[in-house]
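# What the coordinates show
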Amino acid sequence: IERVDVGFAMAMAQMAMKTPAKRFAAAVVGDLHLSPKRMDLFHQGRKQLRDCLEQEKQAEGARTHVFQLGDLGAGDARPGTTQCFQLARHFMEGFETEWKLVTGNHDLEGFEDFDSDEANLIGWKEVFQQEHHWVEDIGPAVCIGLLTTRV
């Protein structure tokens with residue numbers, strides 16, 4: 001039987017009780033399918049989410065984050081094109097908090113702009129200034145974003 005230093009264990013327990021848990025609030029948004037013709041609806045939805053996140057931030061001091069799960073644009077946004085990526089980036093910046101994206105299957109359909117999935121992914125990375133796979137430590141949780149398409 002190992003001898004346990006009870007004093008040390010008690011000190012650690014007391015310190016743990018005094019250290020507040022890091023709070024976070026995350027919004028997970030999937031399959032936006034942004035449509036330039038209906039952006040008023042998307043802006044209303046974003047405002048509702050932004051207000052909820054801000055409320056958590058103010059009340060609890062929470063770190064806020066938005067995770068978008070791909071499929072950024074609807075047909076009229078020309079999914080998978082630079083134009084669609086720019087529309088989505090502008091929309092995500094409007095959350096006014098940290099955000100990360102993963103690619104969806106429709107995000108690599110931009111054959112008007114790109115001649116291969118590899119080129120499409122490079123275009124995606126250039127617009128969003130992030131990798132297509134990532135790990136984000138947001139306090140008591142670790143979020144992992146993976147590519148949904150083999151390239």
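Higher on the page you've got the structure.
Note that the structure is predicted; figures quoted are calculated from it, not measured.

Rules of the game
Residues numbered from 1 in each chain as written. Predicted model: local features only at pLDDT ≥ 70, side-chain atom pairs only at ≥ 80, totals over all residues. Heavy atoms only, no water. Pairing = 2+ DSSP bridges. Helix = DSSP H or I, 4+ residues; strand = E, 2+ residues; numbered from the N terminus. Right-handed = clockwise from strand over helix to strand, strands pointing away. Core = buried A, V, L, I, M, F, W, Y, C linked by side-chain atoms within 4.5 Å. Buried < 20%, exposed > 50% of the residue type's maximum accessible area, 1.4 Å probe, protein only. Contact = heavy atoms within 4.5 Å. Axes fitted to C-alpha atoms, helices over the stretch in contact; angles between N-to-C directions. Phe/Tyr/Trp six-rings, centres within 6.5 Å; stacked < 30°, edge-to-face > 60°.

Below, the discussion takes up the pairing of strand 3 (residues 98-101). As defined by bridge partners, strand 2 (residues 63-68) adjoins strand 3 across 4 bridges and the pair is classed as parallel. By the bridge assignment for strand 3, Q68 is matched with L101. For the segment spanning strand 2, helix 3 (residues 82-93) and strand 3, crossover handedness is right-handed.

Okay, the nonpolar core next. V66, L72, F91 and F128 are the most contacted members of the largest nonpolar core, which totals 26 residues. Listing elements by their share of this core, those giving two or more residues are strand 1 (24-29), helix 2 (39-60), helix 3, strand 3 and helix 4 (117-128). For L72, the residues in contact, after removing those within four places along its chain, are L32, H33, L34, C84, F85, A88, L101, D107, W124 and F128. Among the nonpolar cores identified, the runner-up in size contains 5 residues, and F67, V102, I138 and C143 belong to it.

Spatial strand order, 1-2-3: 3 strands in an open sheet with parallel pairing. Each edge of the sheet is formed by a strand with only one pairing partner; in this case those strands are strand 1 and strand 3. On average, each strand axis in the sheet is inclined to that of its neighbour by 20°, with strand direction left out of account. Here helix 2 sits on the sheet and contacts strand 1 and strand 2; the angle it forms with strand 1, its principal contact strand, is near 165°.

Let us look at the environment of P140. Considering the arrangement of structural elements, one finds P140 in the loop between strand 4 (134-137) and strand 5 (142-145). Of the residues examined, P140 reaches a relative accessible area of 55% and is grouped as exposed. In this structure the C-alpha to C-alpha distance between P140 and F24, which are 116 residues apart in sequence, comes to 7.8 Å. Beyond its immediate stretch of four places on either side in the chain, P140 contacts K22 and F24.

The next thing to look at is the packing of aromatic side chains. Following the criterion strictly, the structure yields 6 aromatic pairs and no others. Between W99 and F128 the ring centres are 6.3 Å apart and the planes differ by 85°, which places this aromatic pair in the edge-to-face class. A residue pair is termed long-range when its members are at least 10 positions apart, and W99 in strand 3 and F128 in helix 4 qualify at 29 residues. For F128, a relative accessible area of 3% translates into the label buried. In this structure an aromatic cluster arises from ring pairing among F85, W99, W124 and F128.

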